[in-house]
Structures are given as structure tokens and as C-alpha cells.
Amino acid sequence: MNSGNNSNTPATAQVVMPSPKQTLSTAKTVDTQSVLKRLQSELMALMMSGDSGISAFPEEDNIFNWKGTISGSKDTVFEGTEYKLSLSFPTDYPFKPPKVKFETGCFHPNVDVYGNICLDILQDKWSSAYDVRTILISIQSLLGEPNISSPLNTQAAALWCNQEEYRKMSSSCSLVLNNLAFFGDIRLGDIESDSPFAKRRRMSSSDALQDMINSEKLSLYGTTPNNTQSAKANYVSVMV
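The shown structure was predicted, so the numbers you read here are calculated from the model rather than taken from an experiment.

A. Focus on helix 2 (residues 132–144). Its 13 residues place the ends of helix 2 19 Å apart at the C-alpha level, agreeing with the 18 Å of an ideal helix rising 1.5 Å per residue. Those residues of helix 2 that fall on the buried side of the exposure criterion are Val132, Ile135, Leu136, Ile139, Gln140, Leu142 and Leu143. Projected down its long axis, helix 2 shows its buried positions confined to an angular sector of 160°, all on one face.

B. The UniProt feature "active site" (unreviewed entry) in the protein, seen in detail. Following the UniProt record, the feature "active site" (unreviewed entry) maps to Cys118 here. What makes Cys118 partly exposed here is its relative accessible area of 24%. Contacts of Cys118, omitting those with residues within four sequence positions, involve Asn110, Gln123, Leu142, Ser150 and Leu152.

C. Spatial organisation of the sheet that holds strand 4 (residues 99–102). The sheet built from 4 strands is open, its strands ordered 1-2-3-4 with antiparallel pairing. Taken across any chain shown, the strands that pair with only one partner, and hence form the sheet edges, are strand 1 (54–59) and strand 4. Taken pair by pair, the neighbouring strands of this sheet meet at an average axis angle of 25°, ignoring direction. Across 6 bridges, the pairing between strand 1 and strand 2 (residues 62–71) is antiparallel. Bridging from a neighbouring strand, Ser55 pairs with Thr69 of strand 2.

Calculation criteria
- Residues numbered from 1 in each chain as written.
- Predicted model: local features only at pLDDT ≥ 70, side-chain atom pairs only at ≥ 80, totals over all residues.
- Heavy atoms only, no water.
- Helix = DSSP H or I, 4+ residues; strand = E, 2+ residues; numbered from the N terminus.
- Expected span 1.5 Å × (residues − 1).
- Buried < 20%, exposed > 50% of the residue type's maximum accessible area, 1.4 Å probe, protein only.
- Arc of directions from axis to C-beta.
- UniProt positions renumbered as here; feature names shortened; annotations may be inferred.
- Contact = heavy atoms within 4.5 Å.
- Pairing = 2+ DSSP bridges.
- Axes fitted to C-alpha atoms, helices over the stretch in contact; angles between N-to-C directions.

Written as C-alpha cells, this is what we have:
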């Protein structure tokens, strides 16, 4: 006589599948750890490289944001000048390049007034084989060897062939750019959209620079609007 319950029948195992959200969260954690290890490795390699004129280090406790410095190469108009850079790494680094900007004002054919850099390896020519050291060396090289055929700053590109005039203009414009911080809400590479100077984003680098020099907010002593290319600034006075 058969009973309704068969004690010999094995129990069916219940498989609990992870939800898509759990899987995605785990993947993100793994990816973040990979990026952290990569950046830590690059930091160690950079510190051990001994390359002169370049350096970088994470900002405070955030390894995804670095502050870097490069020095102008010898026998160039930038010799003896140190420039500060910001490097912001995406979560999918090194498969995408970091965002790199000049924090120090730099009058250069391939750098605009906001510190943006036109460099192929930071754009379509980026490779995951590149690292922070490669980036810094490339930018340092770009200072003395600009691509004047594809400029961000057309005024700088036009002056490049006359190194004496370029040196004068570079000195003057660096003073202007580096004193933007005195405006409080105006910083190089970080201009708020509701700022009265926000329209600068929609202007070419050369026009924006000329506009700043002519602005009533700036007094560039030793310089006249009609003679900015050959002028040399003695100092910049910000009138609030």
C-alpha cells in the first residue's frame, strides 16, 4: 500500500540567484579596487622614476584626484617656470583618460584661458598603456613644442614664431590669468555658469584673454589695449 508521502524522494535544492543590482554592485567594487591598485602602482613608479621637472601626488585622501607640477624645459620660453596641474581620474581608468587641466595660468597655443589642454593622448589617441608619468612628460614636451596648426589659443599660436614677443606676452598674460582668483567666484578652469564672466566659455581663448585685459575689473599697468602684443605688465591690480 503506497502512502501519499514518499520519504525516499530527495528534497529539491532551491537556488537563489543574485539580483541584477547585487551583481552590478559587486562588479563596481571589483572595478574600483582595480583602479585603486593601478593608481597606487603608478604613484610608486612616478616617485621612483627620478624624472626631473615633473611630479604628482593624490590630493588629500582622494586617490582619484591628483595635483601635479611640471617645469618648463631648458632653452624654451618656459624655462624656470613651474606650472601646477589637476588630474581627475574616471572610475573606468585606464580605459579612459583622466581630465587634466592647468591650475597655473599658461599662455600657450594648446592651452586655453581655463586651463584646458589640447593633447591627442588625452583625447582620441589615449591608450590604457599610458600612465601619469607619460602624461606629465608629454605635457612638459608640449610646452616647448606646441601644435600651432590646431591651437586652442590662436593669439599664442600667431606669436609663437616671434619668441621675444611671445615671452613678453606670456609674462603679461600669466599675470592676468593667475590673478583671476582674486575675483572670489572666478577661478582658472572653474567659472560658475551664473557668473558675469560665464560668457568667457563661449568665446575663443584669444578673445577671452583680450576681453579680460580690457575689462574694467582689471588694470594691467604698462599695457594698452592697442599694444598688448608688445606690452609687458609691471603688475596687475584687481579693482573690486
